[in-house]
Amino acid sequence: MSESVYPVPEAWARRARVTEEGYEQLHGRSLADPGSFWLEQARRLDWVKRPELAGDWSFDEADFHISWFADGKLNVAANCVDRHLASRGDQIAILWEPDEPSEEPRRYTYRQLHAEVCRFANVLKAQGVAKGDRVTIYMPMIPEAAFAVLACARIGAVHSVVFGGFSPEALAGRIVDCDSSVVITADEGRRGGKKVPLKANVDMAAAHAPSLETVIVVQATGGAVEMKAGRDLWYHEAAETVAGDCPAEPMAAEDPLFILYTSGSTGKPKGVLHSSAGYLLWASYTHELVFDYRPAEIYWCAADIGWVTGHSYIVYGPLANGATTLMFEGVPNWPDASRIWQVVDRHKVEILYTAPTALRSLMREGDSYVSATSRASLRLLGSVGEPINPEAWRWYHDVVGEGRCPIVDTWWQTETGGMLISPLPGATQLKPGSATRPLPGVDPQIVDADGKVLTGPTEGNLCIARSWPGQMRTVWGDHERFFQTYFTTYPGKYFTGDGCRRDEDGYYWITGRVDDVINVSGHRMGTAEVESALVLHPKVAEAAVVGMPHDIKGQGIYAYVTLNANCVADEDLRQELRNWVRKEIGPIATPDALQFAPGLPKTRSGKIMRRILRKIAENDVGSLGDTSTLADPSVVDDLVKNRVG
Ligand code: 6R9
């Protein structure tokens, strides 16, 4: 691991809001006097009723609760749109770059965004959507996805965005779990020149989602779709029948803003629920601090709105801060590996935020795709989603940024609402591969397996010792699961599920998940989820899934499958099973390697020893450790012998 240090560039030390000394002070004050620190920060939002209370929380079982600014009232959409009208109504709010580079970008000023959001909100109201109702959004990366999200926030409906790459089955599960009666979708999506049949997927999902009553369809490609009478309506037709103005519903600070499903180590995906005020405050605070953002700068977060990064850093954070946020429909390597850099040049992007997996896939294509472009507008680069390996970090820094742009490696999770550990560009010396220091307000602790808090340079499990405004509030429909998942492993603390090292400078190095979650291309996949999909196949008796190292994706999915008696393990079945998982969950869950295993290594009590399966998948068979406690140690020999890949 590299320990080279990159000092804060002169220009950044001069311009930044927070300097090196400023950071220490701010962090100290945020923990010493959180009440006044957060009430002061709350001034960054526009309130219908300004709060007098800051955080009120306890992570202890007897008194478990989390709330922030509980006596405040505001509307999130009004904060992201309306309050900018007077000062920057004609500034571009959303700058949309289409998949097809020869097509014209679309631009929406804050004034136009206001009109679009109001109209969308009125269409929802006309369909009977009211405050507190859940609305599922299954959309491509088009501006209407952002309008839909903000329209929900405007009327107090709770949105649940489902990534457009998820299968009909996965979509149905998410519609059912939050009991949502309305889905907003598009005829088709486009990505890298290919069409995604979103509306057709919704039709298939509907068969398994009895709560679904209304499907609102945005016309994106003009592709042919079936419209079911009484259930489906075209957005553009409905929009003509509603009024242009829609008042913003005043919401209590703790009213839910959205649900976003994420994979955990056990069971089906959890509906992570975020609050209105605390979440928005966190998105706005971190977006401003970490990107040192000034209004009107061109900012591009190249994530998808279906993930939390898209929620917090394409929509809510930047719009709350009056940014021009670029929304990209396409993919980094289409039509070729220079697309990202061409988009940067086309729109004079100043801040670029992307994932290590994208960088690794572009790095592989060679520097010529980068050097053919100018990138002179870039001044800051960001990374998110997984640990960034020092090699990719250096390429990003030296080749993409030509040595002049700091990199903010931002560590956070769906559950945290926004960044928790990250450099500040004017304050933090960088070390490639380290997310560096906690943001002001964040109190990380590293604990050993017994929960003992470790001090100084050390390595262990990453916890957060106190609440922050952007923290998730519950698992939708299962508050007990929320408590059990995050607050019982190390009582009194929030457990992140990540392993972490802290060096002699107090820098944090995230080492990856310590639970049964795999990080594939920066996306979380629960091993249990892939296993459940596999065992649904009629020929599969049992399955165990682990992560394996992957050059581009960071981690790949390695599946061990035991077949039912009399089923033949061959290449065709291997392919069939991979496609099966793809169909059940979505392309991101497709196993990279699938090994037929006559038996799995189990303890005498029947527990699968994943440690051994991981070692074999990693091709680290020299150190399998003690296998003597296995019910049948001989299965290991077969697994090693028939390892795939
Ligand atoms: C924002 C997001 C969360 C998990 C998290 C960790 C990994 C995210 C990281 C990082 C190292 C970073 N992760 N950012 N690991 N360095 N800068 O990705 O949310 O999809 O919920 O994933 O991703 O393992 O626990 P989410």
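Basis of the calculations
Residues numbered from 1 in each chain as written. Predicted model: local features only at pLDDT ≥ 70, side-chain atom pairs only at ≥ 80, totals over all residues. Heavy atoms only, no water. Near = heavy atom within 4 Å. Polar contact = N/O pair within 3.5 Å; in protein donor to acceptor, adjacent residues only side chain to side chain. Areas by Shrake-Rupley, 256 points an atom, 1.4 Å probe, with all protein chains shown as cover. Helix = DSSP H or I, 4+ residues; strand = E, 2+ residues; numbered from the N terminus. Nonpolar A, V, L, I, M, F, W, Y, C, P; charged D, E, K, R; others polar. UniProt positions renumbered as here; feature names shortened; annotations may be inferred. Contact = heavy atoms within 4.5 Å. Axes fitted to C-alpha atoms, helices over the stretch in contact; angles between N-to-C directions. Left-handed = near helix turned anticlockwise from the far one by under 90°. Core = buried A, V, L, I, M, F, W, Y, C linked by side-chain atoms within 4.5 Å. Buried < 20%, exposed > 50% of the residue type's maximum accessible area, 1.4 Å probe, protein only. Pairing = 2+ DSSP bridges. Right-handed = clockwise from strand over helix to strand, strands pointing away. 1 Å grid on protein atoms, 1.4 Å probe; cavity = no way out; pocket = protein on both sides within 12 Å on 5 of 7 lines; lining within 4 Å. Points joined across faces, edges and corners; volume = space filled by probe spheres on them.

Q: Residue-level account of the site of the ligand, with values.
A: Taken together, the neighbourhood of the ligand is formed by 17 residues, with Asp409, Thr410, Thr414, Asp498 and Arg513 sitting nearest. One nitrogen or oxygen atom from the main chain of Thr410 is found 2.8 Å from a nitrogen atom belonging to the ligand. Asn519 has a polar side-chain atom sitting 3.3 Å from an oxygen atom of the ligand. Protein chains shield 96% of the accessible area of the ligand, which is 530 Å² for the free molecule. Only α12 (308-320), β20 (407-410) and β26 (508-513) provide two or more residues apiece to the shell around the ligand. Class assignment of the residues belonging to the shell around the ligand gives a composition of 6 nonpolar, 6 polar and 5 charged.

Q: Which residues make up the UniProt feature "binding site: Mg(2+)" (unreviewed entry) in the chain, and what values go with them?
A: Under the local residue numbering, the UniProt record ascribes the feature "binding site: Mg(2+)" (unreviewed entry) to Val535, His537 and Val540. Structurally, the position occupied by Val535 is in helix α18 (residues 527-535). For Val535, the residues in contact, after removing those within four places along its chain, are Val540, Ala541, Glu542 and Ala543. Relative to the assigned elements, Val540 resides in strand β29 (residues 540-550). Excluding residues within four positions of it along the chain, Val540 makes contact with Leu534, Val535, Val561, Thr562, Leu563, Asn564 and Leu577.

Q: Which residues make up the packing of α18 against helix α19 (residues 571-584), and what are the values?
A: Closest axis-to-axis distance for the α18/α19 pair is 9 Å, and the angle between their directions is 115°. Judged by the sense of rotation from one axis to the other, the crossing of α18 with α19 is right-handed. In contact with Val530, Ala533 and Leu534 of α18, α19 contributes Leu577, Trp580, Val581 and Glu584. Split by residue class, the contact of α18 with α19 holds 6 nonpolar, no polar and 1 charged.

Q: Pulling in residues and values, what's your account of the nonpolar core?
A: In terms of nonpolar packing, the biggest core is built from 161 residues, with Leu113, Phe291, Tyr316 and Leu534 touching the most fellow members. In terms of residue count, the dominant contributor to this core is helix α7 (residues 143-155) (10 residues). When neighbours within four sequence positions are excluded, Leu113 is seen to be in contact with Val81, Ala93, Ile94, Phe147, Leu150 and Leu319. Membership of the second largest hydrophobic core comes to 28 residues, among which are Phe328, Val344, Trp395 and Cys405.

Q: Account for the sheet that holds β20, with residues named and values stated.
A: Strand order in the open sheet formed by 7 strands is β5-β4-β17-β16-β18-β19-β20, and the pairing between neighbours is mixed. In this open sheet, the two strands that pair with only one neighbour each are β5 (106-109) and β20. Mean inter-strand twist for the sheet, computed between neighbouring axes without regard to direction, equals 20°. Relative to β20, strand β19 (residues 380-384) runs parallel, the two sharing 4 bridges. Of the residues in β20, the one forming a bridge with Ser383 is Asp409. Across the sheet, helix α6 (residues 110-126) touches β4 (92-97) and β5, and the angle it forms with β5 is around 90°.

Q: Describe the pairing of strand β16 (residues 298-301), and please don't skip the residues or the numbers.
A: Because side chains alternate across β16, one face comprises the buried residues Ile298 and Trp300, and the other comprises Tyr299 and Cys301, equally buried. Of the crossover connections in this fold, the one passing from β16 over α12 to the parallel strand β17 (residues 324-328) is right-handed.

Q: Requested: an account of the layout of surface pockets, with residues and values cited.
A: The space that makes up the second largest pocket amounts to roughly 400 Å³. Contributing to the lining of the second largest pocket are 17 residues, with Glu169, Ala170, Arg174, Lys268 and Pro269 lying nearest its centre. Sorting the residues of the lining of the second largest pocket by element identifies α8 (168-177) and α18 as the ones contributing at least two each. Element by element, the count of residues in the lining of the second largest pocket is highest for α8, at 6 residues. Partitioning the lining of the second largest pocket into residue classes produces 8 nonpolar, 3 polar and 6 charged.

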